There are 4 protein chains.
Amino acid sequence: MPKSNVQPTSEWRRKLHEVIYEADTPSGKLFDVILLIVIIFSVILVLLESVPALGSKYSEEFIFAEWIITIFFTIEYFLRIISINKPTKYIFSFYGIIDFLSTVPLYLTFLLPGGYNALLAVRSLRLLRVFRILKITRFIGEADKLSKAIKSSLPKILVFLFAVLVISIIMGTLMYLVEGAESGFVSIPVSIYWCIVTLTTVGFGDIAPVTPMGQFLATIIMIMGYGIIAVPTGIVSAEYTTGVKSQAPTPGKNPNYRHVNTQVCQNCHAKKHQDGASYCHECGYSL
Amino acid sequence: MPKSNVQPTSEWRRKLHEVIYEADTPSGKLFDVILLIVIIFSVILVLLESVPALGSKYSEEFIFAEWIITIFFTIEYFLRIISINKPTKYIFSFYGIIDFLSTVPLYLTFLLPGGYNALLAVRSLRLLRVFRILKITRFIGEADKLSKAIKSSLPKILVFLFAVLVISIIMGTLMYLVEGAESGFVSIPVSIYWCIVTLTTVGFGDIAPVTPMGQFLATIIMIMGYGIIAVPTGIVSAEYTTGVKSQAPTPGKNPNYRHVNTQVCQNCHAKKHQDGASYCHECGYSL
Amino acid sequence: MPKSNVQPTSEWRRKLHEVIYEADTPSGKLFDVILLIVIIFSVILVLLESVPALGSKYSEEFIFAEWIITIFFTIEYFLRIISINKPTKYIFSFYGIIDFLSTVPLYLTFLLPGGYNALLAVRSLRLLRVFRILKITRFIGEADKLSKAIKSSLPKILVFLFAVLVISIIMGTLMYLVEGAESGFVSIPVSIYWCIVTLTTVGFGDIAPVTPMGQFLATIIMIMGYGIIAVPTGIVSAEYTTGVKSQAPTPGKNPNYRHVNTQVCQNCHAKKHQDGASYCHECGYSL
Amino acid sequence: MPKSNVQPTSEWRRKLHEVIYEADTPSGKLFDVILLIVIIFSVILVLLESVPALGSKYSEEFIFAEWIITIFFTIEYFLRIISINKPTKYIFSFYGIIDFLSTVPLYLTFLLPGGYNALLAVRSLRLLRVFRILKITRFIGEADKLSKAIKSSLPKILVFLFAVLVISIIMGTLMYLVEGAESGFVSIPVSIYWCIVTLTTVGFGDIAPVTPMGQFLATIIMIMGYGIIAVPTGIVSAEYTTGVKSQAPTPGKNPNYRHVNTQVCQNCHAKKHQDGASYCHECGYSL
């Protein structure tokens with residue numbers, strides 16, 4: 001018997017933990033699906049509320065629905081805290097903070113009377129909670145490989161973006177001098193903004209050069225942007241190719257599939273336990 | 001002798017099937033070319049009819065031409081049904097439905113008197129029929145490899161696009177708060193639309209940030225878009241490279257060329273028979 | 001001694017051929033440099049002539065300069081014909097036609113009195129002549145590899161572009177129905193134009209959706225464009241990677257460098273002779 | 001003892017050299033950090049000064065701050081000259097010239113009374129100094145690999161960009177003829193500018209085709225741009241993949257990490273000395 005220095009929790013807390021944090025049992029899966037629906041519904045609500053025609057007409061219905069969602073999230077938040085042995089581990093984890101921010105906006109409007117609108121941005125952060133639910137599904141295999149490729153090419157892309165920034169500042173200053181305020185290049189920061197719009201091939205056209213010299217410089221910037229867009233793409237591609245190869249998938253086995261155990265230790269919040277493991281590999285607590 | 005539980009069809013139906021569904025015989029090829037011309041002609045007709053200057057002037061000619069095409073497609077549709085043993089297999093197949101939708105619009109105008117215009121979209125679906133004709137040519141070798149690369153990288157691209165959507169919703173909400181209705185960011189859905197326009201580097205410029213803070217946020221969104229456009233490209237590239245290698249083309253032989261047998265079983269609609277096969281590999285019906 | 005059935009040409013024709021068609025001798029190089037300068041000068045002239053402020057003010061000077069260039073090109077064209085044994089081989093080659101089109105515009109203005117402007121496009125074709133000069137330099141090593149990668153991935157890109165076209169036509173029809181003429185979607189061809197502008201992430205913004213439904217469809221088109229831009233890139237990248245590997249460059253040797261012999265057979269216009277070859281590998285004519 | 005033909009410099013010059021040119025000692029690191037802050041502060045100053053609302057209100061403060069920065073840079077510039085044995089090597093090096101240009105603008109305003117504004121571009125060049133500071137950190141490992149990939153694919157990209165230019169000139173002339181001055185295609189150079197805006201998928205929309213023929217040509221240009229954007233990306237990707245492989249990183253060792261010795265010879269300005277080297281590998285001067 002493992003010498004766990006933590007007392008086993010009561011059966012209902014153990015059950016609750018399984019439902020809320022894991023997706024192995026039918027009730028755990030059901031909870032995830034309901035939560036997913038509520039989150040998406042709450043985000044759609046934020047979007048629709050901002051549409052002037054709808055927001056003013058159905059303002060009461062929107063606030064009512066927001067209250068229901070807030071109460072749902074409040075209950076869920078407390079259940080999460082109750083069902084875990086070391087609540088602080090959860091509260092100060094990334095998703096713990098997201099959960100708190102998802103719950104709190106409506107309560108804050110009592111403190112900040114006019115701030116209902118300003119809390120929209122906070123409410124749209126609820127969408128991030130979707131990632132947790134995706135995390136505990138098999139879907140994660142793909143995302144994992146993807147994020148690895150991004151992570152390993154991130155430093156290169158950062159060096160590259162820094163170079164883009166330097167080009168933008170120098171070319172932006174030049175464009176400001178060449179074009180001047182009449183064409184919309186009212187200051188160097190605005191010129192830099194235009195330069196990035198152009199280098200990234202977005203090209204809004206709200207500001208556009210009108211003098212021959214300015215158009216010539218713009219041409220150079222665009223061709224530079226065209227040439228250098230290749231660099232980050234090439235990097236990610238190369239990283240990804242290397243990554244795919246180094247995995248060396250066994251033939252006849254789908255390399256994208258990776259069994260993910262959704263068990264989470266109730267005591268220390270540790271993840272990625274082995275299949276059939278009876279005790280947490282970090283704190284020895286029985287799963 | 002194979003024990004086929006289906007009676008052999010009469011000679012003319014066998015012949016008809018060969019002409020309509022296959023491209024091995026001269027008459028089969030001729031049929032495909034004529035069909036291709038009629039399809040492209042019918043789509044061009046839809047395009048030209050929508051041009052105000054032409055649509056009103058030659059409205060009678062357009063309707064007359066549409067009648068001819070509809071009759072042609074109607075006859076072809078019935079021939080396809082007649083010449084096959086199990087018509088339901090064809091009728092509810094992807095191309096069976098497309099063929100039906102290509103034929104039916106003009107008849108529907110009797111039921112929906114004002115709906116001639118609304119059926120334009122349905123009529124433009126005729127273009128999809130072109131793919132069937134291409135399918136039975138050697139051209140398909142390329143498309144096949146292409147679609148394999150796309151299919152194998154689709155889950156990764158979907159995960160990626162989901163991340164793009166989440167970024168768009170969060171950044172769109174921020175832009176809505178920062179810029180407000182005066183700059184065109186009238187609601188969060190519109191802001192998200194703008195965000196996707198920017199992230200994908202399309203940049204219409206119908207909506208553009210005007211406040212310094214908004215332009216700063218826009219810069220971040222654009223640089224993010226610039227950085228992450230690399231990811232799907234890298235994925236497809238890596239998949240494709242891996243795919244090309246795993247095929248291991250025999251030297252001196254064009255790996256892009258792949259013999260495609262255009263035979264289609266008259267009984268069960270099965271495809272991809274071996275060269276020289278006398279009986280369908282799925283139902284034992286003699287080819 | 002090779003049994004060449006062609007009489008050796010006189011010394012001055014041999015010399016002339018070397019100067020005009022080859023770049024091995026100092027005079028041959030000088031000729032190329034002069035020609036390059038005249039071509040670029042003539043194209044710059046076309047550009048400047050079209051600028052309203054310059055074109056009307058210096059119209060006489062422009063016509064005078066054009067006459068000098070035309071005379072220069074005329075002399076060069078006849079020298080090229082004289083110095084080769086089988087002039088028809090040159091005249092109907094790609095560059096022979098380009099050379100002819102470069103020379104002829106000004107003469108045509110006598111036949112087409114008002115056509116001076118319409119011949120601008122023909123005059124700008126002179127730029128294509130630059131490629132011949134580049135061809136006979138070592139610079140070509142790069143371009144050769146590049147064009148090989150493009151050529152081998154062209155069929156795939158064509159299949160892909162065809163799919164893009166089909167998407168554009170179907171989505172263009174939908175946008176025409178959803179947005180209508182008020183937003184600028186005046187006809188299906190214009191909608192298709194907009195669709196391609198959007199799919200290719202160019203995004204002029206001259207036409208932009210204004211209805212929520214139209215903006216939603218636009219979002220889908222953009223995300224599709226974003227996702228599928230990866231495909232041709234991935235293809236070229238994969239082709240190129242494969243190409244680079246199959247060359248297997250010897251270590252310590254720059255694989256990009258390839259000795260290109262600029263000798264051209266005076267008799268049959270054949271190229272790519274071996275170093276030190278004394279007779280043409282195609283017609284046995286002494287070089 | 002090495003036979004160095006250079007007299008050892010006095011202790012304080014040796015110390016000064018270590019602080020200014022190297023980053024091994026705490027004081028050397030501190031100096032770099034301070035310099036980095038001053039450079040970034042001076043560039044931000046240039047940006048803010050150009051904002052009309054700020055520039056006019058705080059013009060005195062801006063000039064005062066600029067004086068402080070100029071004096072700081074002046075002192076630093078002279079210390080760099082003093083602490084090195086062969087100052088000309090530094091003065092005419094790339095960074096020596098950048099340092100000089102960073103220092104001199106304010107002094108030049110005495111010579112060019114109205115030139116304060118025109119020197120903005122020169123002042124923004126100060127940003128380039130940041131690269132030197134980055135150069136002497138470990139961050140450089142990434143940038144080095146990146147610049148190698150860019151350098152090796154540069155000739156290919158140049159060939160490619162030349163082709164893009166030729167396409168732009170020919171298509172630009174055509175668009176000028178087809179669209180004419182009413183749609184904004186006022187001259188061939190402007191049409192070429194538009195063509196590059198379109199080919200690079202920037203698409204400002206300040207100029208856009210309005211005639212059906214012009215829109216058709218634009219469609220072709222865009223699809224070409226879409227197809228050929230793949231080429232430089234594929235090239236860089238392939239180069240990078242090859243580069244990554246040829247390095248063959250030892251397993252278990254981060255291949256991106258490369259120890260960079262920041263020692264700089266005080267005598268001959270040579271870099272990249274081996275760890276623990278006591279004498280310069282170029283001039284034998286003791287480090």
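A quick note: this is a predicted structure, and the numbers were derived from the prediction, not measured.

1. Here we look at the overall build of chain A
Right, so step 1: If you tally the helices and strands in chain A, you get 13 helices and zero strands.
Right, so step 2: Starting at the N terminus and ending at the C terminus, chain A contains elements arranged as α-α-α-α-α-α-α-α-α-α-α-α-α.
Right, so step 3: Burial statistics for chain A: of 287 residues in total, 52% are counted as buried.
Right, so step 4: Counted over contacts in chain A with a minimum sequence separation of 6, partners at least 24 positions apart contribute 62%.

2. Structural notes on the pattern of salt bridges
Right, so step 1: This model, assessed by the stated rule, comprises 28 salt bridges over all chains.
Right, so step 2: Here Arg-123 of chain B ties to Glu-66 of chain B by a salt bridge, and the two come within 2.7 Å at their closest N and O atoms. With Arg-123 of chain B in helix α8 (residues 120-124) and Glu-66 of chain B in helix α4 (residues 59-82), this pair connects stretches of sequence that are 57 residues apart.
Right, so step 3: Using a relative accessible area of 0% as the deciding quantity, one classes Glu-66 of chain B as buried.
Right, so step 4: Three or more residues joined by partner-sharing salt bridges are found here, namely Glu-49, Glu-66, Arg-123 and Arg-126 of chain A.

3. Remarks on the UniProt feature "transmembrane region" (unreviewed entry) in chain A
All names here are of chain A.
Right, so step 1: Here the UniProt feature "transmembrane region" (unreviewed entry) sits at residues 30-50, 62-79, 91-110, 157-178, 184-204 and 216-236.
Right, so step 2: A helix fraction of 100% and a strand fraction of 0% characterise residues 62-79, whose end C-alpha atoms lie 26 Å from each other.
Right, so step 3: Measuring from the first to the last C-alpha atom of residues 157-178 gives 31 Å, for a span that is 100% helix and 0% strand.

4. Let's talk about helix α2 (residues 26-49) of chain C
Right, so step 1: Given a rise of 1.5 Å per residue, 24 residues ought to cover 34 Å, and the 34 Å separating the end C-alpha atoms of α2 of chain C matches this to within 8%.
Right, so step 2: For α2 of chain C, the complete set of buried residues consists of Gly-28, Phe-31, Asp-32, Leu-35, Val-38, Ile-39, Ser-42, Val-43, Leu-45, Val-46, Leu-47 and Glu-49 of chain C.

5. Section: the packing of helix α4 (residues 59-82) of chain C against helix α6 (residues 94-103) of chain C
Residue and element names in this part refer to chain C.
Right, so step 1: Direction vectors running N to C along α4 and α6 enclose 150°, while the axes themselves pass 9 Å from each other. The orientation of α4 with respect to α6, classified from their angle, is roughly antiparallel. Between α4 and α6 lies a crossing of left-handed hand. Where α4 approaches α6, its residues Thr-70, Phe-73, Thr-74, Tyr-77 and Arg-80 are matched on the opposing element by Gly-96, Asp-99, Phe-100, Ser-102 and Thr-103.
Right, so step 2: When grouped by side-chain class, the residues that make up the contact of α4 with α6 number three nonpolar, five polar and two charged.

6. Considerations on the packing of aromatic side chains
Right, so step 1: Scanning the model with the defined rule gives 32 aromatic pairs over all chains in all.
Right, so step 2: Note on Tyr-77 of chain A and Phe-100 of chain A: the rings are 6.0 Å apart at their centroids and 50° apart in plane angle, and the pair reads as tilted. On the criterion of sequence distance, the pair formed by Tyr-77 of chain A in helix α4 (residues 59-82) and Phe-100 of chain A in helix α6 (residues 94-103) is long-range, its members being 23 residues apart.
Right, so step 3: On the accessibility criterion, Tyr-77 of chain A (10% relative accessible area) is buried.
Right, so step 4: When its relative accessible area of 41% is taken as the criterion, Phe-100 of chain A is described as partly exposed.
Right, so step 5: Among the aromatic residues, those joined into a cluster by ring pairs are Tyr-77, Phe-78, Tyr-90 and Phe-100 of chain A.
Right, so step 6: In this structure, Arg-129 of chain D is placed above the aromatic ring of Phe-73 of chain D, and the distance from its NZ or CZ to the ring centre is 4.8 Å.

7. Let's talk about the confidence of the model for chain A
Residues and elements named next belong to chain A.
Right, so step 1: Across chain A, the average pLDDT comes to 76, with 69% of residues at 70 or higher.
Right, so step 2: Of all secondary-structure elements in chain A, the lowest mean pLDDT belongs to helix α13 (residues 230-247), at 64, while helix α11 (residues 188-199) reaches the highest, 91.
Right, so step 3: With pLDDT under 50 throughout, residues 1-5 is counted as low confidence; its partners more than four residues away or in other chains account for four contacts.
Right, so step 4: Scored below 50 in pLDDT, residues 247-260 makes eleven contacts in the model with residues more than four places away or belonging to other chains.
Right, so step 5: Quick note on the complex model: pTM equals 0.80, ipTM equals 0.78.

8. Some remarks on the environment of Gly-180 of chain D
Residue and element names in this part refer to chain D.
Right, so step 1: Structurally, Gly-180 can be placed in the loop between α10 (140-179) and α11 (188-199).
Right, so step 2: Given the relative accessible area of 15%, Gly-180 is considered buried.
Right, so step 3: Spatially, the C-alpha atoms of Gly-180 and Ile-157 are 32 Å apart, while their sequence positions differ by 23 residues.
Right, so step 4: In this structure, Gly-180 is in contact with Met-175 and Phe-185, ignoring residues within four places of it in sequence.

9. Focus on the packing of helix α2 (residues 26-50) of chain A against α4 of chain A
All names here are of chain A.
Right, so step 1: Where α2 meets α4, the closest approach of the two axes is 11 Å, and the angle between their N-to-C directions is 145°. As for the relative orientation of α2 and α4, their crossing is left-handed in sense. Here α2 contributes Phe-31, Ile-34, Leu-35, Val-38, Ile-39, Phe-41, Ser-42, Leu-45, Leu-48 and Glu-49 to the contact with α4, which in turn contributes Phe-62, Ala-65, Glu-66, Ile-69, Phe-72, Phe-73, Glu-76 and Arg-80.

10. Considering the nonpolar core
Right, so step 1: Core analysis: the largest hydrophobic core is formed by 232 residues, its most contacted members being Trp-194 of chain A, Trp-194 of chain B, Trp-194 of chain C together with Trp-194 of chain D.
Right, so step 2: Those residues in contact with Trp-194 of chain D, other than ones at most four positions away along the chain, are Phe-204 of chain C together with Met-175, Phe-185, Ile-207, Ala-208, Pro-209, Ala-218 and Ile-221 of chain D.

11. Focus: a nonpolar patch on the surface
Residue and element names in this part refer to chain A.
Right, so step 1: On the surface, Ile-71, Ile-75, Tyr-107 and Phe-110 cluster together into a nonpolar patch covering about 400 Å² of accessible area.
Right, so step 2: Listing elements by their share of the nonpolar patch, those giving two or more residues are α4 and α7 (105-111).
Right, so step 3: If you trace the backbone, Ile-71 turns up in helix α4.
Right, so step 4: Under the relative-accessibility criterion, Ile-71 is labelled partly exposed at 43%.

Parameters and conventions
Residues numbered from 1 in each chain as written. Chains lettered and ligands numbered in written order. Predicted model: local features only at pLDDT ≥ 70, side-chain atom pairs only at ≥ 80, totals over all residues. Heavy atoms only, no water. Helix = DSSP H or I, 4+ residues; strand = E, 2+ residues; numbered from the N terminus. Buried < 20%, exposed > 50% of the residue type's maximum accessible area, 1.4 Å probe, protein only. Contact = heavy atoms within 4.5 Å. Salt bridge = Lys/Arg side-chain N within 4 Å of Asp/Glu carboxyl O. UniProt positions renumbered as here; feature names shortened; annotations may be inferred. Expected span 1.5 Å × (residues − 1). Axes fitted to C-alpha atoms, helices over the stretch in contact; angles between N-to-C directions. Parallel < 35°, antiparallel > 145°, perpendicular 65-115°, else oblique. Left-handed = near helix turned anticlockwise from the far one by under 90°. Nonpolar A, V, L, I, M, F, W, Y, C, P; charged D, E, K, R; others polar. Phe/Tyr/Trp six-rings, centres within 6.5 Å; stacked < 30°, edge-to-face > 60°. Lys NZ or Arg CZ within 6 Å of the ring centre and 35° of its normal. pLDDT = per-residue confidence, 0-100. Core = buried A, V, L, I, M, F, W, Y, C linked by side-chain atoms within 4.5 Å. Patch = residues over 30% accessible without salt bridge, like charges linked within 9 Å, V, L, I, M, F, W, Y side chains within 5 Å. Areas by Shrake-Rupley, 256 points an atom, 1.4 Å probe, with all protein chains shown as cover.

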